[in-house]
Amino acid sequence: MQIQKKYKIIDLFAGIGGIRRGFEQANNGQIECVFTSEWDKYAAETYKTNYPGETVYGDITLIDEKEIPEHDILLAGFPCQPFSQAGLKKGFSDTRGTLFFDIERIILERKPKAFLLENVKRLKSHDNGRTLKTILEHLKMAGYNNIKFDILKARDFGLPQNRERIFIVGFLDDDVDFQFPKPTGVPTRVGDILQNRVDPKYTISDKLWEGHQRRKRENKLKGKGFGYGIVDKNSEYTNTISARYYKDGSEVLIRQNNKNPRKLTPREAARLQGFPDSFKIEVSNNQAYKQFGNSVAVNVIEAVAKNMLEALNKAEASQKESI
């Protein structure tokens, strides 16, 4: 299926541009980003380093929806917040004050052909499912009856990480036949993202290692499964890397011979999320860990984007044939 030469996107809650990158890879770079918003100055710095010359607007809550350019696809990896009122109300009352509200008002104003929303897995069960229900109802009220959602795992798309995220995809055209991508079946191996030579500074201290082991023992006695996660080069995948990784590295530790385990390097964290080695990291290590932990699994986005773009093209071609 030949994909349309260019699609215009907007990149909301953009972080370091992971969702945009997945779309660019799906469409051989033929994506025109006409608007980007990210409030964190360090994430915006990394974004601009990798997309030089582009303007990254700040807090989306302060930007009038009428100032957002026309676009084909809205992309947003938005934070999940509880809604202020239980149950669906007609209008904005139960989304106002949340960041979903800003997506909603832009969608209502610009009516893009499609959108992709990404969030943590627990959005599906948040508030006994009422949060997701409210989001879907509001999207339908905005004119998007053709909506699908699914939870996808990074390890099913070639990345050695057990990262699960919910994806919500919607189309203005009811005739667009979109299906979520199937797992690739490609085996994953942690060794594929590890660097050959790593500075000893990434090896954790005796004090930190003892603390990790003590907490794991205490949690086990309490019947809790929480604690550090340790892997080696032959492991299939790691735990999910999070924005707090910079604090102690506990969720992903790499086993080493005859010494304490080590943390991932920032480059390894980037690889774990599917970012190529050409992706520039010019912020501090702590900021880099936060940014990659907050980002998305690029491989998963690319797979979803391919199916979205192909579905859009098929629907468009079918409409032209029927004229």
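Residues numbered from 1 in each chain as written. Predicted model: local features only at pLDDT ≥ 70, side-chain atom pairs only at ≥ 80, totals over all residues. Heavy atoms only, no water.

*Asks:* Explain the packing of aromatic side chains here, please?
*Replies:* Between two aromatic rings, the relevant description is the distance of the centres plus the angle of the planes. One pass over the full model with this rule turns up 11 aromatic pairs. Between the aromatic rings of Tyr 47 and Tyr 51, the centroid separation amounts to 5.1 Å while the plane-to-plane angle is 40°, which identifies the pairing as tilted. Just as Tyr 47 is buried, Tyr 51 falls in that class too. Aromatic pair Phe 279 and Phe 292: ring centres 6.0 Å apart, planes at 65°, arrangement edge-to-face. Placement of Phe 279 in the loop between helix H7 (266-272) and helix H8 (285-294) and of Phe 292 in helix H8 is noted, with a sequence separation of 13 residues between them. Per residue, the accessibility class of Phe 279 equals that of Phe 292, and both read buried. Here a set of aromatic residues connected by ring pairs shows up, and it is made of Phe 171, Phe 178 and Phe 180. Above the plane of the ring of Tyr 51 lies Arg 20, whose end atom (NZ or CZ) is 3.7 Å from the centre. The ring of Tyr 246 has Lys 290 sitting right over it, with the charged end atom 4.8 Å from the ring centre. (Phe/Tyr/Trp six-rings, centres within 6.5 Å; stacked < 30°, edge-to-face > 60°. Buried < 20%, exposed > 50% of the residue type's maximum accessible area, 1.4 Å probe, protein only. Helix = DSSP H or I, 4+ residues; strand = E, 2+ residues; numbered from the N terminus. Lys NZ or Arg CZ within 6 Å of the ring centre and 35° of its normal.)

*Asks:* Hey, could you run me through the sheet that holds strand S9 (residues 259-263) in this one?
*Replies:* Strand-to-strand pairing in sheets goes through backbone hydrogen bonds, with the strands running parallel or antiparallel. An order of S7-S8-S9 is seen for the three strands of this open sheet, with the pairing classed as mixed. Among the strands making up the open sheet, the edge pair consists of strand S7 (230-231) and S9. (Pairing = 2+ DSSP bridges.)

*Asks:* Please explain the nonpolar core as it appears in this structure.
*Replies:* A general trend in soluble globular proteins is that nonpolar side chains are found buried together. Membership of the largest hydrophobic core comes to 38 residues, with the highest contact counts inside it found for Phe 23, Ile 73, Leu 116, Val 304 and Met 308. Breaking this core down by element, the ones donating at least two residues are strand S1 (7-12), helix H1 (18-26), strand S2 (31-36), helix H2 (41-50), strand S3 (73-76), strand S4 (114-120), strand S6 (164-171) and helix H9 (298-322). A per-element tally of this core places H9 first, with 10 residues. When near neighbours in sequence (up to four residues on either side) are disregarded, Met 308 contacts Phe 23, Ile 73, Ala 114, Phe 115, Leu 116, Val 169, Phe 171 and Phe 178. In terms of nonpolar packing, the next biggest core, distinct from the first, is built from 27 residues, Ile 106, Ile 107, Leu 123 and Ala 142 among them. (Core = buried A, V, L, I, M, F, W, Y, C linked by side-chain atoms within 4.5 Å. Contact = heavy atoms within 4.5 Å.)

*Asks:* Can you help me understand the pattern of salt bridges in this one?
*Replies:* When charged atoms on two side chains of opposite charge get close, those side chains can pair. If you walk through the whole model with that rule in mind, you get 19 salt bridges. Of the charged contacts in the structure, one is a salt bridge between Arg 105 and Glu 65, with a shortest N-O distance of 2.7 Å. You can see Arg 105 sitting in helix H3 (residues 100-110) and its partner Glu 65 sitting in the loop between H2 and S3, a full 40 residues away along the chain. When the shortest N-O distance is used, the salt bridge between Asp 248 and Arg 244 registers 3.5 Å. For Asp 248, a relative accessible area of 13% gives the class buried. Residues joined in a network through salt bridges with shared partners are Arg 20, Glu 24 and Glu 54. (Salt bridge = Lys/Arg side-chain N within 4 Å of Asp/Glu carboxyl O.)

*Asks:* Any chance you could explain H1 here in plain terms?
*Replies:* Given 3.6 residues per turn, any residue in an α-helix points the same way as the ones three and four places further on. A large share of H1 lies buried, amounting to eight of its nine residues. All of the buried residues along H1 are Gly 18, Ile 19, Arg 20, Arg 21, Gly 22, Phe 23, Glu 24 and Ala 26. Just beyond H1, the residue with positive phi is Asn 28, at close to 50°.

*Asks:* I would appreciate a short explanation of the packing of H3 against helix H4 (residues 130-141) in the present structure.
*Replies:* Packed helices, taken two at a time, are described by their axes: the angle between them and the distance between them. At a closest axis distance of 10 Å, the pairing of H3 and H4 adopts a crossing angle of 15°. Put simply, H3 runs roughly parallel to H4. Note that H3 runs across H4; the crossing there is right-handed. Touching Phe 100, Glu 104 and Ile 107 of H3 are Ile 135, His 138 and Leu 139, all from H4. Split into classes, the residues belonging to the contact of H3 with H4 amount to four nonpolar, one polar and one charged. (Axes fitted to C-alpha atoms, helices over the stretch in contact; angles between N-to-C directions. Parallel < 35°, antiparallel > 145°, perpendicular 65-115°, else oblique. Left-handed = near helix turned anticlockwise from the far one by under 90°. Nonpolar A, V, L, I, M, F, W, Y, C, P; charged D, E, K, R; others polar.)

*Asks:* How should the confidence of the model for the protein be read in this particular structure?
*Replies:* Reading fine detail from the predicted coordinates is not recommended where pLDDT is low. Confidence in the prediction for the protein averages 91 pLDDT; 92% of positions are at 70 or higher. This model gives residues 84-88 a pLDDT under 50, and the stretch forms 11 contacts once residues within four places in sequence are excluded. (pLDDT = per-residue confidence, 0-100.)

*Asks:* Teacher, can you tell me more about H8 here?
*Replies:* Listed in full, the buried residues belonging to H8 are Gln 287, Ala 288, Tyr 289, Gln 291, Phe 292 and Gly 293. Along its buried surface, H8 packs onto H2, helix H6 (245-248), S9 and H7.

*Asks:* So what exactly am I meant to see when it comes to the pairing of S1 here?
*Replies:* Two faces, one strand: in a regular strand the side chains alternate between the faces of the sheet. Most of S1 is tucked away: five of the six residues are buried. Taken together, the five bridges between S1 and S2 define a ladder with parallel strand orientation. For Asp 11, the partnering residue across the bridge sits in S2 and is Thr 36. This β-α-β element, S1 to H1 to S2, shows right-handed connectivity. Note that S1 and S3 share four bridges and pair parallel. Each residue of the ladder has a partner; that of Ile 10, found in S3, is Leu 74. (Right-handed = clockwise from strand over helix to strand, strands pointing away.)

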